[in-house]
Amino acid sequence: MTQAWTVVGQGAIGLLAASRLHLAGYQVQLFRRTAGPFRYQFEQADALHSIQLNAAQAPISLLLVPVKAYAVLSALQQLLPLLSPDAQIALCHNGMGSIEQVLPLLQPQQGLWFVSTSQATFKPTAQQIRHSGQGPSYLACIKATAPHYADLVRSAMAVAFEPLTPVDDIQPLLWRKLAVNSVINPLTALHQVPNGELAKPEFQPQISALLQEFIEVATACGQKFEFDEISTQVQSVIHNTAANYSSMQQDKAHGRPLELDAITGYLLKRAKAAGLTLPTHQALYQALHQQSL
Ligand SMILES: NC(=O)C1=CN([C@@H]2O[C@H](COP(=O)(O)OP(=O)(O)OC[C@H]3O[C@@H](n4cnc5c(N)ncnc54)[C@H](OP(=O)(O)O)[C@@H]3O)[C@@H](O)[C@H]2O)C=CC1
Ligand SMILES: CC(C)(CO)C(=O)C(=O)O
């Protein structure tokens, strides 16, 4: 445990991971937009911890990038000159498309990993982070390098995102999460409602159409889903998170950029490449774009 983990930003998921690593004895540093150490309170399972993490110093050999999908590429471009030639980089975000953007930027000995998480975490204030709901996380190696690094990354990510399951292929899990996010996030953002509102009868035809179109494009991309099974999963997330506001609803309410291009936009892009049209996703994408003009 001599090498430090560098975590990008001071966001909810990044500080959850950084705090858990720090409390487990790992060296952790933050790559933030502002210089100097960062002090904050971390609340988990009714325990409150005061934590201070130092600013990142190069060379960086273990990097976690838990930023919004639209911020991954620019963060990586800033960090590339600071990375060691055999650095291990773990991406963690909702939506898809970043792996294809990042892979060509890496040196031969640099490794790439992806963490898909359903942990729920939020920041009541800028200096407070609260773990608010347990959910599964999955880790996959996208570009492998030296085996000793694989052990380092797997054991650290198991601490940071516990409970975490290592998987060989992250794609089916990312597509499955995309199905959920491409229904709940844009609809709740457009209508500015909590997730549970989508259980109302008036949303059901649109949800069914979104899922049918999702299955068409997923199938064209080699990912098989049954309508009844994926529909049951989406309805159970709506039910289980009924009182929550989705991340896209909250981003819209606060005037922040949306992860729309990595969710609905990604589906539209893959559909276009496969010669398909997705009229229901397209209409939702346009409606959200128009609202933010
Ligand atoms: N929060 C949650 O409970 C969950 C979130 N997710 C997903 O995880 C990802 C991260 O979410 P979350 O933690 O909520 O996001 P946040 O936006 O809260 O955190 C991202 C942080 O990274 C910072 N950042 C981005 N780019 C840079 C950069 N180039 N240099 C320095 N700092 C940078 C941001 O700073 P700034 O604000 O200044 O841009 C912000 O502090 C998203 O894809 C989200 O959908 C998944 C499951 C649950
Ligand atoms: C599962 C869901 C929709 C929960 O709100 C989510 O992942 C999000 O808000 O981004």
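Residues numbered from 1 in each chain as written. Chains lettered and ligands numbered in written order. Predicted model: local features only at pLDDT ≥ 70, side-chain atom pairs only at ≥ 80, totals over all residues. Heavy atoms only, no water.

Observations regarding the domain arrangement of the protein
Right, so step 1: Here the protein is described as being made up of domain 1 (5-169) and domain 2 (172-291).
Right, so step 2: A separation of 26 Å is found between the C-alpha centroids of domain 1 and domain 2.
Right, so step 3: Counting residues at the interface gives 16 residues for domain 1 and 16 residues for domain 2.
Right, so step 4: Carbon and sulfur atoms make up 62% of the surface buried where domain 1 meets domain 2, a total of about 1400 Å² over both sides.
Right, so step 5: Area buried by domain 1 at its contact with domain 2 is led by Y70, N94 and M96, which between them contribute 47% of it. (Domains from an automatic or database assignment. Contact = heavy atoms within 4.5 Å. Buried area = accessible area lost by both parts, 1.4 Å probe.)

Examining the packing of aromatic side chains
Right, so step 1: Under the criterion given, the structure shown has four aromatic pairs.
Right, so step 2: With a centroid separation of 5.3 Å and an interplanar angle of 55°, the aromatic rings of F214 and F225 are classed as tilted. Note that F214 is positioned in helix α6 (residues 204-220) and F225 in the loop between α6 and α7 (227-240), a separation of eleven residues in sequence. Just as F214 is buried, F225 falls in that class too. (Phe/Tyr/Trp six-rings, centres within 6.5 Å; stacked < 30°, edge-to-face > 60°. Helix = DSSP H or I, 4+ residues; strand = E, 2+ residues; numbered from the N terminus. Buried < 20%, exposed > 50% of the residue type's maximum accessible area, 1.4 Å probe, protein only.)

Some remarks on the packing of α6 against α7
Helix-helix packing: each pair is described by the crossing angle between the helix axes and the interaxial distance.
Right, so step 1: Contact geometry of α6 with α7 gives a least axis separation of 10 Å together with a crossing angle of 130°. Overall, the two elements α6 and α7 adopt an arrangement that is oblique. Crossing angle aside, the handedness with which α6 passes α7 is right-handed. Facing Q204, I207, S208, L211, Q212 and I215 of α6, the residues of α7 in contact are F227, I230, S231, V234, Q235 and I238.
Right, so step 2: Classifying every residue of the contact of α6 with α7 by side-chain character gives seven nonpolar, five polar and no charged. (Axes fitted to C-alpha atoms, helices over the stretch in contact; angles between N-to-C directions. Parallel < 35°, antiparallel > 145°, perpendicular 65-115°, else oblique. Left-handed = near helix turned anticlockwise from the far one by under 90°. Nonpolar A, V, L, I, M, F, W, Y, C, P; charged D, E, K, R; others polar.)

Focus: the layout of surface pockets
Right, so step 1: Empty space within the second largest pocket amounts to approximately 550 Å³.
Right, so step 2: Considering the residues around the second largest pocket, the lining is formed by 28 residues, among which Y70, L258, L260, D261 and A262 are closest to the centre.
Right, so step 3: Broken down by secondary-structure element, the contributors of at least two residues to the lining of the second largest pocket are α3 (98-102), α8 (247-253), α9 (264-273) and α10 (279-291).
Right, so step 4: Classifying every residue of the lining of the second largest pocket gives eleven nonpolar, nine polar and eight charged.
Right, so step 5: Summarising the domain contributions, the lining of the second largest pocket has at least three residues from each of domain 1 (5-169) and domain 2 (172-291). (1 Å grid on protein atoms, 1.4 Å probe; cavity = no way out; pocket = protein on both sides within 12 Å on 5 of 7 lines; lining within 4 Å. Points joined across faces, edges and corners; volume = space filled by probe spheres on them.)

Examining the site of ligand 1
Right, so step 1: Every one of the 22 residues lining ligand 1 counts as a neighbour, but I13, R33, Q78, N94 and E259 are closest to it.
Right, so step 2: In the model, an oxygen atom of ligand 1 is placed 3.1 Å from a nitrogen or oxygen of the A12 main chain.
Right, so step 3: Contacts to ligand 1 include N94, whose backbone N or O atom sits 2.9 Å from an oxygen atom.
Right, so step 4: The protein chains hide 77% of the 890 Å² of surface that ligand 1 would expose on its own.
Right, so step 5: Elements with a contribution of two residues or more to the shell around ligand 1: α1 (12-23), α2 (72-79) and β8 (120-122).
Right, so step 6: Per-class residue counts for the shell around ligand 1 are ten nonpolar, nine polar and three charged. (Near = heavy atom within 4 Å. Polar contact = N/O pair within 3.5 Å; in protein donor to acceptor, adjacent residues only side chain to side chain. Areas by Shrake-Rupley, 256 points an atom, 1.4 Å probe, with all protein chains shown as cover.)

Regarding the side chain of Q110
Right, so step 1: Mapped onto the fold, Q110 is located in the loop between α3 and β7 (111-117).
Right, so step 2: Engagement of the side chain of Q110 in a polar contact is seen with the backbone nitrogen of Q107, the distance being 2.9 Å.
Right, so step 3: If we ignore the near neighbours within four places in the chain, the residues touching Q110 are L83, S84, P85, D86, A87, K143 and T145.

What about the site of ligand 2?
Right, so step 1: As a structural note, the neighbourhood of ligand 2 is formed by N94, N181, I184, N185, N195, V237, S246 and S247.
Right, so step 2: The separation between an oxygen atom of ligand 2 and a polar side-chain atom of N195 is 3.0 Å.
Right, so step 3: For ligand 2, an oxygen atom lies 2.5 Å from a polar atom in the side chain of S247.
Right, so step 4: Surface burial for ligand 2 is 79%, taken as the share of its 280 Å² of free accessible area covered by protein chains.
Right, so step 5: Here the element with the most residues in the shell around ligand 2 is helix α5 (residues 171-191); it accounts for three residues.
Right, so step 6: Along the lines of polarity and charge, the residues of the shell around ligand 2 split into two nonpolar, six polar and no charged.

What to know about α10
Side chains of residues three or four places apart in an α-helix project in the same direction, reflecting 3.6 residues per turn.
Right, so step 1: Across its 13 residues, α10 extends 18 Å between first and last C-alpha, which sits within 8% of the 18 Å expected from 1.5 Å per residue.
Right, so step 2: As for α10, its buried residues are in contact with α5, α6, α8 and α9. (Expected span 1.5 Å × (residues − 1).)

Digging into the sheet that holds strand β10 (residues 137-143)
Right, so step 1: What the eleven strands build is an open sheet, ordered β8-β9-β3-β4-β2-β1-β5-β6-β7-β10-β11; its pairing is mixed. Each end of this open sheet is capped by a strand with a single partner; those strands are β8 and β11 (164-166). In this sheet, adjacent strand axes meet at a mean angle of 30° when their direction is disregarded.
Right, so step 2: Note that β7 and β10 share six bridges and pair antiparallel. Bridge pairing in β10 places W113 opposite C141.
Right, so step 3: Where helix α4 (residues 147-160) meets the sheet, it contacts β1 (5-8), β5 (60-65), β6 (83-92), β7, β10 and β11, and its direction lies at approximately 40° from that of β5. (Pairing = 2+ DSSP bridges.)

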